[in-house]
Amino acid sequence: MSGAARGRKLHLSKIYGFSCGKASFKVDHSQIGGPGFSRVVYCNEPDCFEAQINSYGDNYVRTTKYTLTTFLPKSLFEQFRRAANFYFLITGCLSFTPLAPYSAVSAILPLIVVIGATMIKEAIEDWSRKKQDMEVNNRTVKVHVGDGIFEYTQWKNLRVGDVVEVEKDGFFPADLLLLSSSYEDAICYVETMNLDGETNLKVKQALEVTAGLHENSSFKDFKAIVKCEDPNANLYSFVGSMDFDDRPYPLTPQQLLLRDSKLRNTDYIYGVVIFTGHDTKVIQNSTDPPSKRSKVERKMDKIVYLLFCILVLMSFVGSVVFGVTTGEDLDNGKTKRWYLRPDDSTVFYDPKRAFVATILHFLTALMLYGYLIPISLYVSIEVVKVLQSLFINQDLHMYYEVTDKPARARTSNLNEELGQVDTILSDKTGTLTCNSMEFIKCTIAGTAYGRGVTEVERSMARRKGSPLIHEVPIDNRNGAEEHGNIKSSVKGFNFADERIMNGKWISEPHSEVIQKFFSLLAVCHTAIPEVNEETGEISYEAESPDEAAFVIAARELGFEFFKRTQTSILLHELNPVSGIYIERSYQILNILEFNSTRKRMSVIVRNEEGKLLLMCKGADSVMLERLAKKGREFEEQTVDHMNEYADAGLRTLVLAYRGLGEEEYKKFNNEFVEAKNSVSEDREAMVDEVTEKIENDLILLGATAVEDKLQHGVPECIDKLAQAGMKIWVLTGDKMETAINIGFACSLLRQGMKQIIISLETPAIKALEKAGDKPAITMASKTSIIDQIIQGKAQVSALSGSSKAFALIIDGKSLAYALEDDIKGMFLELAIGCASVICCRSSPKQKALVTRLVKLGTGKTTLAIGDGANDVGMLQEADIGVGISGVEGMQAVMSSDIAIAQFQFLERLLLVHGHWCYRRITSMICYFFYKNIAFGFTIFLFEAYASFSGQTAYNDWYLSLYNVFFTSLPVLALGVFDQDVSARFCLKFPLLYQEGVQNVLFSWTRILGWMFNGVCSAIIIFFFCISALEKQAFRKGGEVVELDILGTTMYTCVVWVVNCQMALSVSYFTMIQHLFIWGGILVWYLFLLGYGAMSPAISSTAYKVFIEACAPAPSYWLVTLSVVITTLIPYFLYKAVQMRFFPMYHGMIQWIRLEGQSNDLDYCDMVRQRSLRTTTVGFTARLEASFRMTEKCHNKT
C-alpha cells in the first residue's frame, strides 16, 4: 500500500482518554496466562511450532442446525420427540406383526409422508442458512504470505496469527488486533451495524509502536506475541498485552476490530487475527433466543394426551369385552361364534387362552383406534403458521415508507399468542417517542430561554382547557419570530428566543455564562464533523441523538464546531468584544466517557489562554451533588426550570465546569493513565474511581431541555388497545414528572384518573440518607414501600365498584424494594387493580424483572415492546417480544419475536392479525380433533358391532389416506384464509379482541363440544348406514351388502360430513377454500375409481367396489345424502340458536355486516358500548369521563 494514500485527519489517542505509552504491569500482569487469560497469539507466525501446539479453531463459521452426517439422525430425533409421532412409530413397527389389523405399508406410509414433509421443511430452511454460510466463508481478504507479499484468500482459510489487510468498505473477516491504518496516527472508523445495529461510526486506534507499519514490506520481519483473554461474548471488553521488541504494551477494546464490522472512511487497515470462527465475539453472542411456545400449543398437547387416554380406555374396554366373549365361545363343546372356529383357532381367538387373547387384542386395538390421533396435526399447524407469517410480513398497512421497513415475523411459533395479549409492557424513548431529539429550551444563569411549545404542553393545555401563551400558527413566520415559535428547518433544532439568537446573547446580563454554556456544548462531546464537499455544509456523527442535538444547537447559536485536529477541537465563535466570528481552538487532553453508571461525561481542555478547564454535563441526580458551594449561585432557579421542563415532557441535562491547576491535573492524569493502562478486568472500575475524584467542586452554568416527540399515531393506538381491554405498562428511565406528562400526552393517563404514586422522596428517608446509616435506610425504605402499597390497595378496594380509574406510578428506587420476594405479590395485586402503570427510572434489569413478575403472577399473556439494547431482557422475558426498528440500532429487533417500525402498527398487529391468527389456529385444531374423532369412533362402533373381533370396517388405504389427502387441505385453508370479521370491523369494534384474551374460542367447553360433535357424527353415520344397508338387497341380483360395500359407504359419508362441516364453519369463503373442500370430496371418488381399478392383490376389498357395486346402486347415493343432512342438522340448529339468542361478540358484528347496518351509527354504538370500560385509558375514556363530569355538573345545577 502506497504511503501516498495515507490520509491526515484527527489524532484521537488523547481524545479517547488513554495513552499508548509504556504500561505498568505491577498489579495485574499476573492475570495474563491465568484462567480466562490463556490465549497466546504469535503474530505473523501462524505456522510456527508454538502456534500449532495451541491448535486454535479455523475461521469457518457454520450457523446451520444440521450437517450432512447429522441431518438424518438429528432431525428424526426432533420429530420423534413429539408424543404423537412416537406413538405412530410404535404402531408402525407393530404393523409388521400378525397383531396388525391392516397392512404394514398402509401404516408406515402416512408416517413417512408427515415426517418427510417436516424434514423437507427443515432441510429447506437449513439449506438457506448453508448458502449464507458459504457466501460469508468464501469472501476474500488479503493475507500476508511472507516476504511482505499479500495475496487474496478466502475467509475460511484464515488462521490465528495471520496478518491481513482490509480495504475501505470491507468487512473484517475475524476479530483483528489493529496494527496500523491509512492515517498516520493509526485511527480508523468502524461501522458496527451488523453487531448492534448502530449506524454511528466508532473510532478505533492502534498502538503507537505499530502505527508506522504502513507498507506491505513493513511486515516482512514483523514479529510480536499477543497474550489476551480467552474467547467470550462481551463485545465491549478486551484485556491483553502485546510483547513487541521485548516490551509489553497493554491492549484495550480500542484496538480490537470485531468480525462483521465494516471499515468506513479509511482507505485500509492492517491487523492480526486474534479470534477466528466460532471464537469471535459476534458468534459467541449469537446464542439461540429463549424457546417460547404459545399457550394454545401447550393446551393442544394436553388434548393429544387426553385422546391418548381415551384411546387406551377404548382399547381396554374393547379388549375386556372381547376376552369375556372369547372365553364363553366354547361352552360344553358348543360354539357360540362358530364362524371363528373357536375349537380350532389361533391364539388370537382361542377360548382356552382367553387372557392371552385379551392382551393381544389390546395391542391390536391400540393400533386400530390410533386414527383418533391426528397424525398430520403438527405439520399442518407449522405450515399454516409459516403462511400466516407471510401475510404479516406482506401487510402494507404495517409498512413504514420513511425507513423502508415492513413488519417482520421473526418466528411463526407465536402467531396465535398475538391474539391473547392481556398486558403490554412498553419502553418509552424510541418506542412511544421518536428518539429524534430536538433542542427546544435551556436555562442559563438562572434565566429560562426558549419559547417553543411541546406536545405535552399542548396536551396539558387541552386537559385544563386553557389557551397556550406562546402558541402561534407556524405559517405566520413574522408573528412567529416575534414569539419565538417558528419551526426550524434544521433537524435536531427547534429553539427560538430572540434574546440570545443571532448573537444577541452578548447583550444579556450574564453573557459570559452564556458563552461558557454554549462553548461547553460545542466542546464536550465525541461527535465527528463531516463536511459535504459539494455544499460545504457540516453534519455530525454522534453517539446519540441527544449529543447531535447539542452540537447542532451550539452551531445554530453561534458556536460552530467544524474541525478536529490531532489534539484539539476548533470552533467558529462570536467574539463578544469585537462582535465578529473568530476561530477558536481547545486542546483536548482527556475525555471521561459517559456510561449508565456515571450518568455524565466530561472533557478536560486547555483553552487559548492556557487555562485548564473541566467541562461536564450529566443527569441532575449526579451533577447537583457535585457542585461547589460557590458554584450554586443559580441552583434554585435552575432546578425550578428543570422541573418545569420535566412537566413539559422534556429531557434535561445539567452543564457545569471548573478550572484545574497544573499540579492537580498532572496528578490526575498520571493516575488516569495508570488506570487506563492496567491489564485487569477491573480496569473500568479503576478508571471510574479516578474520574470520581476530579469531577467535583463544579460551577453550575445551567441545563438543556430536548424534546423527544411522540411517534405518529401513538395516542390513537393506545386508545384502541385500551378499548380492547389490554393493560398498558410503561417502563422508562425518565424522571417521574417527565413520564407522567408523556403519559398524559399519549392518553395513557387522563384527567380525573386517581394517581397512586409510590416514591421514597420523603423527608424521613432523605434525613436518613444524609446520616448515611445504610441498614436504617433499607429498613425504613422497605417499611415505607409496604405502607404505600397497602394504602394504594385500600384506595382501589374502596372504589372498586365505581367508575373511578387508577394509575400507579412508581420510581426506580421504590421499584427495587417492590420487586423483593416478600413484597412483589402485594405490588402486583395493586398494579393489576390499576388501569395503567408507569415505572420511572427503571434499569434494564428491573424492566426484565417486572415483565417476569407480570407474566408469572397473572398467568396471562404478556407482550413487551422496545427499541434499544436496554430492552432486550424485557423482550426475551415476555411471552411475546416486539422490537421497534428505530434509531437506537437493531439490538431489540434481533432479540424480538416480531419486528415493526412504529408503535402505531401494534394496533393492527394485535387487533387484526392477532385476532385472525388466534381464531384460525384454534378453529383449525378443534376441527382436526372433530374429524378424527368422527372417523375413529365409526371404527370403534363397528368393532363393538363385530364383537371386538379386530376386523376393521375400512380398507387399509382408506385408513391411511384419511388424514393425509381427503380431509387435510380444507383445514389448511381454514387456518390461512378464514376471517370471521374483516380488518375494518376488527379495528372498529376492539372488544372483539377479548375473545382471545378470555380464550373463549379454545376453552375446554368448546374443545369438548367439538369432540362431542364428533362422537355424535360417528354415531349417526354408523347406525344410519347399518340400519339402512344391513338387511336390504343392494344389487340388482338381490345380493345384500358386504363388508367392503358397507365400509365404502360409511367412509363416503364420513368424507362428505367432515367436509360439509368445514363449509358450515367457514366465515369467509375464497376460491381456494371452495377448491379444497369440494375438491377433497372429488378426490375421494377419483381415488375409488383409480384404486379400485388396480389388481385385487393391491386394492383387496376395494377392487371395483365403486364402479360395480356402489355407483350403480341408488341406495348408496340416497344413504349418503340422508346421512350427511341428518348428521349436520344438530350442528346447524345449535349454531342457529346460538346466533339468534346467545350471539358471541363476533356474531353480533357479522349481523351488522350481513344486514348492512355498518353505517347505522346508533346500532353500531349500541354494539360498541360493550367495548367501552369505565376503568380504561385513552381518548375514549377521556371523553366518557368528561361526559360524566358534565352530567354531574348539570345535575347539581
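Keep in mind the model is a prediction, meaning the values are calculated, not measured.

## Notes on the overall build of the protein
- A count of helical and extended segments in the protein gives 40 helices and 35 strands.
- The burial tally for the protein puts 55% of its 1197 residues in the buried class.

## Description of a negative patch on the surface
- Together, Glu 636, Asp 640, Glu 644, Asp 647 and Glu 737 give the surface a local cluster of negative charge.
- Considering each element in turn, the negative patch owes the most residues, four residues, to helix H15 (residues 635-647).
- Along the chain, the position of Glu 636 falls in helix H15.
- The class of Glu 636 is exposed, set by a relative accessible area of 62%.

## A few points about the nonpolar core
- Judged by nonpolar contacts, the single largest core of 110 residues is most densely connected at Tyr 369, Phe 935, Tyr 954, Tyr 958, Tyr 1051 and Trp 1084.
- For Tyr 958, the residues in contact, after removing those within four places along its chain, are Thr 1048, Tyr 1051, Trp 1084, Phe 1087, Leu 1088, Tyr 1091, Ala 1102 and Val 1105.
- Counting 52 residues, the second-largest nonpolar core is a separate cluster that includes Tyr 449, Phe 493, Phe 495 and Phe 634.

## Focus on unusual backbone geometry
- In the Ramachandran plot, Asp 245 falls in the positive-phi region, its phi being about 55 degrees despite a non-glycine side chain.
- Its location among the elements puts Asp 245 in the loop between strand S9 (240-244) and strand S10 (247-251).
- With a phi angle near 55 degrees, Asn 265 is a residue other than glycine that sits in the positive phi range.
- Take Asn 265: it is sitting in the loop between strand S12 (262-264) and strand S13 (268-275).
- Asn 265 sits in the partly exposed class, given a relative accessible area of 24%.

## Observations regarding the sheet that holds strand S24 (residues 581-592)
- Taken in spatial order, the nine strands make up an open sheet running S19-S18-S28-S27-S26-S25-S24-S23-S22, and their pairing is antiparallel. A strand with exactly one partner marks an edge of an open sheet, and here the two such strands are strand S19 (447-449) and strand S22 (559-564). Neighbour-to-neighbour, the strand axes of the sheet open up by a mean angle of 30 degrees, direction not taken into account.
- Judged from the five bridges that link them, S22 and strand S23 (residues 568-574) form a sheet pairing that is antiparallel. Considered in S23, the bridge of Phe 561 is made with Leu 571.
- In the packing of helix H16 (residues 662-677) onto the sheet, the strands contacted are S24, strand S25 (600-606), strand S26 (612-618) and strand S27 (651-660), and the crossing angle to S24 comes to about 50 degrees.

## Re helix H19 (residues 736-745)
- Among the ten residues of H19, nine are classified as buried, and the element is accordingly described as predominantly covered.
- Every buried residue of H19 is listed here: Met 736, Thr 738, Ala 739, Ile 740, Asn 741, Ile 742, Gly 743, Phe 744 and Ala 745.
- Trailing H19 by a residue or two, Ser 747 shows a phi angle of about 70 degrees, which is positive.

## Let's talk about the sheet that holds strand S7 (residues 202-205)
- Judged by pairing direction, the sheet is antiparallel, and its three strands sit side by side in the order S7-S6-S12 without closing on themselves. Unpaired on one side and paired on the other, S7 and S12 mark the two borders of the sheet. In this sheet, adjacent strand axes meet at a mean angle of 45 degrees when their direction is disregarded.
- By the bridge criterion, three bridges tie strand S6 (residues 187-191) to S12 in an arrangement that is antiparallel. From the neighbouring strand, Tyr 189 faces S12, where its bridge partner is Arg 264.

## Thoughts on the state of the cysteines
- Going through the model one piece at a time under the given rule, you end up with zero disulfides.
- As a non-bridged cysteine, Cys 228 has Cys 43 as the owner of its nearest cysteine sulfur, 9.5 Å distant.

## With respect to a nonpolar patch on the surface
- On the surface, a nonpolar cluster with roughly 500 Å² of combined accessible area is contributed by Leu 313, Phe 316, Val 317, Val 320, Val 321 and Val 324.
- With respect to the helices and strands, the residue Phe 316 is situated in helix H7 (residues 295-327).

## Here's the deal with the UniProt feature "binding site: Mg(2+)" (unreviewed entry) in the protein
- Mapped onto the present numbering, the UniProt feature "binding site: Mg(2+)" (unreviewed entry) falls at Asp 427, Thr 429, Asp 867 and Asp 871. Spatial clustering of the annotated residues is evident: they stretch over 445 residues in sequence, but the largest pairwise C-alpha distance comes to 10.7 Å.
- Checked against the element boundaries, Thr 429 lands in the loop between strand S17 (421-426) and strand S18 (433-444).
- Its place among the elements puts Asp 867 in the loop between strand S33 (861-866) and helix H25 (872-877).
- Residue classification places Asp 867 among the buried positions, given a relative accessible area of 0%.

Conventions we followed
Residue positions are counted from 1 within each chain, in the order its sequence is given. pLDDT decides what is reported in this predicted model: residues at 70 or higher carry local features, side-chain atom pairs at 80 or more are listed and counted, and totals for whole chains, interfaces and linings draw on all residues regardless. Computation of side-chain values covers all heavy atoms of the structure but excludes hydrogens and water. The helix count covers DSSP runs of H or I at least four residues long, the strand count covers runs of E at least two residues long, and both are numbered beginning at the N terminus. The rule is simple: take the accessible area with a 1.4 Å probe, protein chains only, and divide by the maximum for that residue type; under 20% is buried, over 50% is exposed, in between is partly exposed. Candidate patch residues must exceed 30% relative accessible area and have no salt bridge, after which like charges are joined if within 9 Å and Val, Leu, Ile, Met, Phe, Trp or Tyr side chains if within 5 Å. Note on areas: Shrake-Rupley with a 1.4 Å probe; residue coverage comes only from the protein chains shown. What makes a salt bridge here is a side-chain nitrogen of Lys or Arg within 4 Å of a carboxyl oxygen of Asp or Glu, nothing more. Neither His nor the chain termini are counted; the positive set is Lys and Arg, and the negative set is Asp and Glu. Where a charge lies is defined by one atom per residue type, namely NZ (Lys), CZ (Arg), CG (Asp) and CD (Glu). Here, nonpolar core means buried Ala, Val, Leu, Ile, Met, Phe, Trp, Tyr and Cys residues that are tied together by side-chain atoms lying within 4.5 Å of each other. Whether two residues touch is decided by their heavy atoms; if any such pair falls within 4.5 Å, the residues are in contact. Whether two strands pair depends on DSSP finding at least two bridges between them. The axes are straight lines fitted to the C-alpha atoms, using for helices just the contacting stretch, and the angles between their N-to-C directions are given from 0 to 180°. The disulfide criterion is simple: two cysteine sulfur atoms within 2.5 Å. UniProt positions are given in the numbering used here, feature names are shortened, and annotations may be inferred rather than shown by experiment.

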